[in-house]
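Chain by chain, the residues:
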Amino acid sequence: MRRYHVIASILLTAIFLCITTCSMYAADQYSIIDLGTLGGSSSGAYDINNLGQVVGESYTLGGGTPHAFLWQNGSMQDLSSLNQGTYYSRASGINDSGQVVGGSRTPASGDTRPTLWQNGTIQDLGTFNYGTFNDGSFNPRFSDTSGWAYRINNSGQIAGKSQEQGPSPADHAALWQNGTIQDLGTLGGFLSSAYGINNSGQVVGDSQSGAGWGAPNHAFVWKNGTMQDLGTFGGNKSTAYSVNDSGQIVGGSNLSGDLSRHAFIFENGEMKDIDTLGGVKSNAYDINNSGEVVGSVAIPGSGRDFSAFIWENGEMKDLHTLLPSDSLWSLHKANAINDSGWIVGEGYINGAYHAFLMKPTVTPEPISFALFLLGGGAMAAIKFKKRKV
């Protein structure tokens, strides 16, 4: 009977080791893919959806104007611009339906227009005082206003900014939905911008928090028709860049004295500091629905201006430490993370600045060892049982 208890203890220990090591090692390392360019010298990736489609911008062949791109199935596609490819464009966001948003410069004034790419077409989303007619043709009125579309959710709602027309034009946070544009207002100042939106339609960004052009910008969340000031860590400025479907918000905030800036997560009504790895500056740019956060941090002694990071389970990690030991990458920024933990951003490889995609990999040795213990324990139990019979 005593021997049976010993074997049972071995079995329980093996099961525990299997469970803990599987979860501990499942995302401790990453593979990395160079997404390349559209023929030019550099590129950057800004968003990824849950299908693994990536968007960003890249210089074109011959050092030409940067263009928006869509990367999928190992290939980078030029999304062109509103002026048939001769002007600048950038893709900033993509949803799970493959709709892409960003900005594109127009030939009429050179202003950047909020842009939607879908089903092989390019559409000017329009701004507060300038848009398109119902048939899709351009409305030439007030052609000197600009805007930008930063993110799109799975319902097709788009968050961004639009410039008002007037003697002192100001950018306001904007929400496009069902063919209309809505001014989300400000926290009392002239300026605001929206950088993120979740699938419930909650919008985050920053806004001047007081009267006058010099008023400081504060992070905000807009929901149920109201813009809420998220505050700061004591400094004058903060910005919210992303919000997940649980309402967790991430961004960066200045500390008192405005000499340092720390990445934050805002949840349960509180702004929490998520570290700087010993430095004085970090920003969190995205959060997925598992609460994993990515961004950029200045690490003293690293030899790099900034390093990409991931924050999970209460700990910030330099993504360089999670790459294979022979990696030549210098990761500058991690801009987005999807619900599978795939990360996109930008960094240096062989002297060139390129977009990258990182995927979590499983380290098999600890898991295999735990399974070996589990199997060995099971076999011992079976043999013991046969001997008893």
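This is a predicted model, so every value here is computed, not measured.

The rules behind these values
- Residues numbered from 1 in each chain as written.
- Predicted model: local features only at pLDDT ≥ 70, side-chain atom pairs only at ≥ 80, totals over all residues.
- Heavy atoms only, no water.
- Buried < 20%, exposed > 50% of the residue type's maximum accessible area, 1.4 Å probe, protein only.
- Helix = DSSP H or I, 4+ residues; strand = E, 2+ residues; numbered from the N terminus.
- Pairing = 2+ DSSP bridges.
- Axes fitted to C-alpha atoms, helices over the stretch in contact; angles between N-to-C directions.
- Core = buried A, V, L, I, M, F, W, Y, C linked by side-chain atoms within 4.5 Å.
- Contact = heavy atoms within 4.5 Å.

S.K.: What is the right way to look at the pairing of strand β27 (residues 343–349) in this model?
M.R.: Looking along a regular strand, one sees side chains alternate from face to face of the sheet. Of all seven residues in β27, six are buried; the element is thus mostly enclosed. Summarising the sheet, strand β26 (residues 330–337) and β27 pair through six bridges and their orientation is antiparallel. Its bridge partner being in β27, leucine 331 is matched across the sheet by glycine 347. Linking β26 to β27, which pair antiparallel, is a turn of five residues; within it glycine 341 sits at a positive phi near 85°. Pairing between β27 and strand β28 (residues 352–361): seven bridges, direction antiparallel. What sits directly across from glycine 347, in β28, is histidine 354.

S.K.: I'm lost on the sheet that holds strand β14 (residues 192–197) in this one. Help?
M.R.: Strand pairing in a sheet relies on backbone hydrogen bonds, with the paired strands running either antiparallel or parallel. In spatial order, the strands read β14-β15-β16-β17; together these four strands make up an open sheet with antiparallel pairing. With one partner strand each, in any of the chains shown, β14 and β17 (226–231) form the two edges of the open sheet. Averaged over all pairs of adjacent strands, the angle between strand axes in this sheet comes to 30°, irrespective of strand direction. One ladder, built from six bridges, connects strand β15 (residues 203–208) with strand β16 (residues 217–223); its direction is antiparallel. Following the sheet pairing, aspartate 206 is matched in β16 by alanine 219.

S.K.: Explain the nonpolar core to me, please; I cannot follow it from the model alone.
M.R.: Nonpolar side chains in soluble globular proteins tend to be buried together. Of all hydrophobic cores here, the largest spans 15 residues; its most connected members are Tyr30, Ile310, Leu319, Leu331, Ile343 and Met358. Those elements that provide at least two residues to this core are β24 (307–312), β26, β27 and β28. Counting residues per element, this core draws most heavily on β26, at three residues. Discounting residues that sit within four places of it in the chain, isoleucine 343 has contacts with Tyr30, Val294, Ile310, Leu319, Ala334, Ala336, Ile337, Phe356, Leu357 and Met358.

Everything listed here is a matter of geometry and, on its own, says nothing about what the molecule does.
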